[in-house]
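Single-letter residue listing:
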Amino acid sequence: MRKALSLLALLALLAVASVALLGGCKDKGGDNAAATESGEIKIGVFLSLSGKNADFGKTTKNGIDLAVEEINASGGIGGKKIVLVSKDTRSKPEEAQTVAKALATADKVAVAIGSVESGQSIKAAPVFQEAGIPMVSPSSTNPDVTKQGDRIFRVCYLDDFQGQACAAFAFKDLGFKKAAIIFAQDDDYSKGLAEFFRSSFKALGGTIVEDVAFQGEVSEFKDQVSKIAAANPEVIFAPVYYGSIGLIARDFRKQGVKAPLLGGDGWESPQLIQLAGETLEGCYFGYHYDPDDKDEKVQGYLKAYKAKFNTEPNSLSALGYDAVYAIKKAIELGGGASSDQITEGLRKVVDFHGVTGTFSIDQNRNAKKPITMLKIGGTNLSKVKVIQPSDVK
Amino acid sequence: MAEVSLTTELLQYVANGIAKGSTYALMAVGYTLVYGVLQLINFAHAEVYMLGSYFAWFQAKWAGYLPDDKGARAETVPIGMVALFVAGAMAACALVGMLIERVAYRPLRGAGRLAPLITAIGVSLLLQYGGQVVFGTEPKLFPTFAETRVYDVGGVKFPNTNIYIVLTSVVLMLGLTLFVNKTRPGAAMRACSHDMRTARLMGVNVNATVSLTFAIGSALAAVAGVLVAMDQPAITPLMGVRIGLKAFVAAVVGGIGSIPGAALGGLLLGVSESVVSGLWKPVYSEAVAFVFLIVVLLVKPSGILGKSVREKV
Amino acid sequence: MPRTIALLMAGIVGCYGLNWFLSEFIEVVYVDYLNLIGLSIILAVGLNVVNGLTGQFSIGHAGFMAVGAFVGALASILFTYGEIAAGPLEHAGLAQFLLCLLFSGVAAGVLGVVVGAPALRLRGDYLAIATLGFGEITRILLTAQDSLGGPTGLKRIPKMPLLPGASGWDGGTSVFWIYLFVFVVIVLAVRLQRSTFGRALIAIRENELAAETMGVPSARMKVVAFVFGAFFAGIAGALYAHYQHSVRPDDFTAVRSIEVIVMLVLGGLGSVTGAVAGAVVVTLLPQLLRPIEEALGIDGLSMVVYALLLVTMMVFRPQGIFGQRELSLKLLRRLIPGRRKESP
């Protein structure tokens, strides 16, 4: 028994010692309202900057950095400069919760931006909700994200709208009646889009001739492709990320399947055409804006991004960029930069003109915005159709 | 397209599975060789495979086959250059394999079996995370080495890449079997795997033999890395994780320590995954490997072609 | 028996004190580190009975944790809200919470029997690979369950029950609940180790055939050890679910199982102290290394350093931090090696 007791003594010792070492004593006086009085607005950012999804986080971070730089260069928001506190979630949902706690309690941010992966946003949401800090997800499209609390917002469209829009586009505009679906079973983005496309395409009167999933970090899709090839569809819905779509398209063409592929915003990347080669010629995907849009906001953003990072932006960069500007708008609407004022302000965002379209935040704290269907031809993307939220259902 | 008969469909999945299984087999050999000699699960093997792809990628880049402009398409690499790249990747990976053994495993020889297992995990993590820092996290386009052609035999489609994969694997496996069974270094490897201490008493240079084992296994992993990358031309620092686990399972199923076992295990796993995908649900194919594994282990714990060892007090 | 009750009371009081101290004076983020450490300790000490004491190499621990997490979370959600639906988080009731933990432990324990009885016929690395396979199958099947939320898993898992006098983050009770089970698992593991039963387990580790000859029913005892580990993994899973308020199948990959093994070997396989030390190091290190990468601006650097440290520590101290020794008052006083010799 002495052993057990000494062990526990050690444990308590370790606990106290490590905390003392970390210097983690509670700062009793500070709440985030006080922090904002100092002429700075602290925005917390949690994204996957390393690990398997690091590319998502880094490109989003670029968009955020660009927006913050622009805002600060033009004098900040109401004279206050934005300070970013950025944390790496290492592509792990559970780490998202740990870093969210750090942002909410140690760094005392006024508002948080994150994450791309819905899984991480869902893990972090209860933390910010508990701390009374608004959280804006730039690109978590899973419907559950904003259901986690009344301070959880997003600036992207949802899986349900995107899936419905793709189904309507395939059925009505392209006139396809037989579709096949290939999606990632363990990825909420992919699975969600597949689900809504499936139900919507069927409701319109089409048939899903084959519906196959894959699981895990798969890089070859021979079997899934064989299965779809045997069903002979007119169009293939592939709601996956750009890293996979090139490989999927190559496997389709290798087995002689010529049907066009159709996907969501996850396809977009400067590398899309390169990774897919000519296999995506004539395929379509839904996106946030038209890269050839004459709109000065879009063109200005594209130019500034290229100048700063020497590469083309992707959809995630644009959403990160818009998240910052939406917060700026919210601070102006809410009348201040405290967490409560920003939350109030975010609820009032209407007809916000961003790079990713003009959107409003609805009563469920989701962005209502149009989707632009793009067609791949050569190395170019061309606009085919813009679908408004009111066009479906 | 005409109606596809069930037989044709089944044959298509078997064909897919053989191509997939060949790469598993090439990787499985690396696990099996090391396990045979050191009784060590070399977790870092999967990362050597990843490095193999990257070494070939860098050579292609320096040789100018990859465009700098992200919008442009990669050129096709002539077959002679491909051979050169593969040779370069094999040499580099062999060195990496030997270095890993020297630094992370050799100091722990005789320190039980768990400590080297943990260093193996550590090296594996190091290469994964290090790869992300050094190579970047975005997928890199791998050049193709031939125009994709699809051969159609009675409705079953064989892309030429699959044929190259299978042929290369078969040649390498046969070569390795000959090497192990017919040459003096091969005999030394077999001696070490039977009993390292006795082998040392018989004058076998154990350290050199272990290094050789790692060199060969790693070089084969490099080949697998290049073959797979040519078929699926987007490489990332984490590309080894999944295939590594599969290949290890294949090695255990076939009978760890046995080269024909690794080949058999790889093919069985590849084919059964494909057939399950085709006739049932692709999503269950990931679980197939493990169900297969558990069933084989329960029926014959030492694997299909493994030797069963009687335990003595 | 009275001693046991006294010990339990002492544990409850001690954990309450720790909980009060931490939630009163310490930043939430550091309390979070301590809670994560606590969860790791429960996992590691439980697995130590299987891997360290009995010498059965299992790397499927995440599978048991997953089952415990999902069972406990689902039960708690149904008890607290009556349905799976969106809404604000609430605290679980005390009785319901304890019942959920029991469910989790039992579910994982039963699975331990189902998996353990056949699998434990296997030896060494083969057992390791079979358990790894089991863990992965569990995760893949969970991902496919749409009723359990599919890949995003269960959300809106209630907060842990309120305590009288406690306040703070999430009610300020997580430390109490997590460390109460840390206490319980450590006391049980230490007692087990020193009991006849524990000696029999060690005999199996040292030489199974010889142990069998001496009349140790090795097959049955291995299963019991396995169930002990699984039971506490299930509890850890349920605590984790209530702590994070959501669980995903992806939280329980093979990587997590391997992490627990790393804790054990790093701390010293077969030593409860070692398991605790390993859990502390493996959980804390990746967090403490964060400032390095944030200062240098190289994303992902901290994990590279972590991996490097892991290899270095193992190369220079292959027997682990504590070897098979335990920390005892005697050791503290004289810093001499423990009674048992290192096995080769």
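Residues numbered from 1 in each chain as written. Chains lettered and ligands numbered in written order. Predicted model: local features only at pLDDT ≥ 70, side-chain atom pairs only at ≥ 80, totals over all residues.

### Some words on the overall build of chain C
So, point 1. Regarding its fold elements, chain C presents 14 helices and zero strands.
So, point 2. Helices and strands appear in chain C in the N-to-C order α-α-α-α-α-α-α-α-α-α-α-α-α-α.
So, point 3. Counting only residues that meet the buried cut, chain C has 60% of its 344 residues in that class.
So, point 4. Taking the intrachain contacts of chain C between residues at least 6 apart in sequence as the baseline, contacts between residues at least 24 apart amount to 77%. (Helix = DSSP H or I, 4+ residues; strand = E, 2+ residues; numbered from the N terminus. Buried ≥ 20, exposed ≤ 12 C-beta atoms within 10 Å, placed from the backbone. Contact = placed C-beta atoms within 7 Å.)

### As for the overall build of chain B
So, point 1. Scanning chain B from N- to C-terminus turns up 11 helices and four strands.
So, point 2. A compact globule built from 313 residues should have a C-alpha radius of gyration of about 20 Å, and chain B, at 20 Å, falls within 12% of that.
So, point 3. By its C-alpha atoms, chain B is 65 × 45 × 35 Å across when sized along the principal axes.
So, point 4. When burial is assessed residue by residue, chain B has 60% of its 313 residues classed as buried.
So, point 5. Within chain B, residue pairs in contact and separated by at least 24 positions form 79% of the contacts whose partners lie at least 6 positions apart. (Rg over C-alpha atoms; globule rule 2.2 N^0.38 Å.)

### Some points on the pairing of strand β6 (residues 178–184) of chain A
Residues and elements named next belong to chain A.
So, point 1. Counting buried positions over the seven residues of β6 gives six, a clear majority of the element.
So, point 2. Across seven bridges, the pairing between β6 and strand β7 (residues 207–214) is parallel. Across the sheet, residue Ala180 finds its bridge partner in β7, namely Glu210.
So, point 3. In this region the chain leaves β6, passes through helix α7 (residues 188–204) and returns to the parallel neighbour β7; the handedness of that crossover is right-handed.
So, point 4. Relative to strand β8 (residues 235–237), β6 is paired through three bridges, and the arrangement is parallel. Bridge assignment links Ile181 to a residue of β8, and that residue is Phe237. (Pairing = 2+ DSSP bridges. Right-handed = clockwise from strand over helix to strand, strands pointing away.)

### Some words on the interface of chain B and chain C
So, point 1. Facing 32 residues of chain B, the contacting portion of chain C comprises 32 residues.
So, point 2. When the residues that make up the side of chain B that touches chain C are grouped by side-chain class, the tally is 25 nonpolar, five polar and two charged. (Nonpolar A, V, L, I, M, F, W, Y, C, P; charged D, E, K, R; others polar.)

### Here's the deal with the confidence of the model for chain C
Where the model shows low pLDDT, its predicted coordinates should not be examined in detail.
All names here are of chain C.
So, point 1. Scored by pLDDT, chain C has a mean of 89; 95% of the residues are at 70 or more.
So, point 2. Across chain C, the element-wise mean pLDDT spans from 58 in helix α14 (residues 329–334) up to 96 in helix α3 (residues 61–81).
So, point 3. Contacts for the low-pLDDT stretch residues 336–344, under 50 throughout, to residues beyond four places or in other chains number 10 contacts.
So, point 4. Of the two predicted TM-score estimates for the complex, the pTM is 0.90 and the ipTM is 0.88. (pLDDT = per-residue confidence, 0-100.)

### Overview of the pairing of strand β3 (residues 156–159) of chain B
All names here are of chain B.
So, point 1. Pairing of strand β2 (residues 150–153) with β3 involves four bridges; the strand directions are antiparallel. Paired with Asp152 across the two strands is Lys157, which belongs to β3.
So, point 2. Joining the antiparallel neighbours β2 and β3 is a turn of two residues, in which Gly154 adopts a positive phi near 55°.

### What to know about the nonpolar core
General note: in soluble globular proteins, nonpolar side chains tend to be found buried as a group.
So, point 1. Counting 367 residues, the largest nonpolar core has B:Cys93, B:Leu293 and C:Ile42 as the members making the most contacts within it.
So, point 2. At 18 residues, the largest contribution of residues to this core is made by helix α2 (residues 28–53) of chain C.
So, point 3. There are two domains that each give this core at least three residues, and those are domain 1 (32–157 + 295–361) and domain 2 (159–287 + 372–391) of chain A.
So, point 4. The contact partners of B:Cys93, leaving out residues within four places of it in the chain, are B:Val48, B:Leu51, B:Gly52, B:Phe55, B:Ser218, B:Ala219, B:Ala221 and B:Ala222. (Core = buried A, V, L, I, M, F, W, Y, C linked by C-beta atoms within 7 Å. Domains from an automatic or database assignment.)

### Topic: unusual backbone geometry
So, point 1. With an omega of -15°, the peptide bond between A:Gly114 and A:Ser115 qualifies as cis.
So, point 2. Position of A:Ser115 among the secondary structure elements: in the loop between β3 (111–113) and α5 (118–131).
So, point 3. Despite not being glycine, A:Arg365 shows a phi value in the positive range, around 65°.
So, point 4. Within the secondary structure layout, A:Arg365 lies in the loop between β12 (357–361) and β13 (367–368).
So, point 5. Judged by the 23 C-beta atoms lying within 10 Å of it, A:Arg365 falls in the buried class.
So, point 6. In this model, B:Gln39 sits at a positive phi of 55°, which is unusual for a non-glycine residue.
So, point 7. Relative to the assigned elements, B:Gln39 resides in the loop between α1 (6–38) and α2 (45–62).
So, point 8. Exposure remark for B:Gln39: the 16 C-beta atoms within 10 Å place this residue in the partly exposed category.

### Considerations on the sheet that holds β8(A)
All names here are of chain A.
So, point 1. Taken in spatial order, the seven strands make up an open sheet running β7-β6-β8-β9-β10-β14-β15, and their pairing is mixed. Strands at the two margins of the open sheet, each flanked by one partner only, are β7 and β15 (380–387). Across the sheet, the mean angle from the axis of one strand to that of its neighbour is 25°, orientation sign disregarded.
So, point 2. One ladder, built from two bridges, connects β8 with strand β9 (residues 261–263); its direction is parallel. Along β9, the bridge assignment pairs Phe237 with Leu262.
So, point 3. Contacts from α7 reach β6, β7 and β8 within the one sheet, and its direction differs from that of β6 by about 165°. (Axes fitted to C-alpha atoms, helices over the stretch in contact; angles between N-to-C directions.)

### A short note on helix α11 (residues 285–299) of chain B
So, point 1. The terminal C-alpha atoms of α11(B) lie 21 Å apart, and with 15 residues this matches the ideal 21 Å at 1.5 Å per residue to within 8%.
So, point 2. Summarising burial for α11(B): 11 of the 15 residues are buried, a large majority.
So, point 3. Residues B:Ser285, B:Glu286, B:Ala287, B:Val288, B:Ala289, B:Phe290, B:Phe292, B:Leu293, B:Ile294, B:Val296 and B:Leu297 constitute the buried set of α11(B).
So, point 4. Here the buried face of α11(B) lies against α8 (222–231) of chain A, α9 (240–254) and α10 (259–279) of chain B together with α5 (124–143) of chain C. (Expected span 1.5 Å × (residues − 1).)

### Thoughts on helix α12 (residues 315–334) of chain A
So, point 1. Taking 1.5 Å of rise per residue, the 20 residues of α12(A) would be expected to cover 28 Å, and the 28 Å separating its terminal C-alpha atoms lies within 8% of that figure.
So, point 2. Within α12(A), 18 of the 20 residues are buried, which leaves the element mostly enclosed by the surrounding structure.

### Section: the sheet that holds strand β2 (residues 81–88) of chain A
Residue and element names in this part refer to chain A.
So, point 1. Across the sheet, five strands lie side by side as β2-β1-β3-β4-β5; this open sheet has parallel pairing. One side of each edge strand has no neighbouring strand; the edge strands of this open sheet are β2 and β5 (152–154). Ignoring strand direction, the axes of neighbouring strands in this sheet form an average angle of 25°.
So, point 2. Pairing of strand β1 (residues 40–47) with β3 involves three bridges; the strand directions are parallel. Bridge pairing in β3 links Gly44 to Ala112.
So, point 3. Against the sheet, α5 makes contact with β1, β3, β4 (135–137) and β5, and its axis sits at roughly 160° relative to β4, the strand it touches most.

### As for the environment of C:Ala166
Residue and element names in this part refer to chain C.
So, point 1. Along the chain, Ala166 turns up in the loop between α5 and α6 (174–194).
So, point 2. The exposure class of Ala166 is partly exposed, given the 17 C-beta atoms found within 10 Å.
So, point 3. For the pair Ala166 and Ser23, spaced 143 residues apart in sequence, the C-alpha to C-alpha distance is 8.1 Å.
So, point 4. With sequence-adjacent residues up to four places away left out, Ala166 is seen in contact with Asn19, Trp20, Ser23, Gly171, Gly172 and Thr173.

### Points about the packing of α2(B) against helix α4 (residues 114–135) of chain B
Residue and element names in this part refer to chain B.
So, point 1. At a closest axis distance of 9 Å, the pairing of α2 and α4 adopts a crossing angle of 25°. For the element pair α2 / α4, the angle class is roughly parallel. Note on packing geometry: the crossing formed by α2 with α4 is left-handed. In this structure, α2 contributes Ala46, Glu47, Met50, Leu51 and Tyr54 to the contact, and α4 contributes Ser124, Leu127, Gln128, Gly131 and Phe135.
So, point 2. Its residues placed into classes, the contact of α2 with α4 shows six nonpolar, three polar and one charged. (Parallel < 35°, antiparallel > 145°, perpendicular 65-115°, else oblique. Left-handed = near helix turned anticlockwise from the far one by under 90°.)

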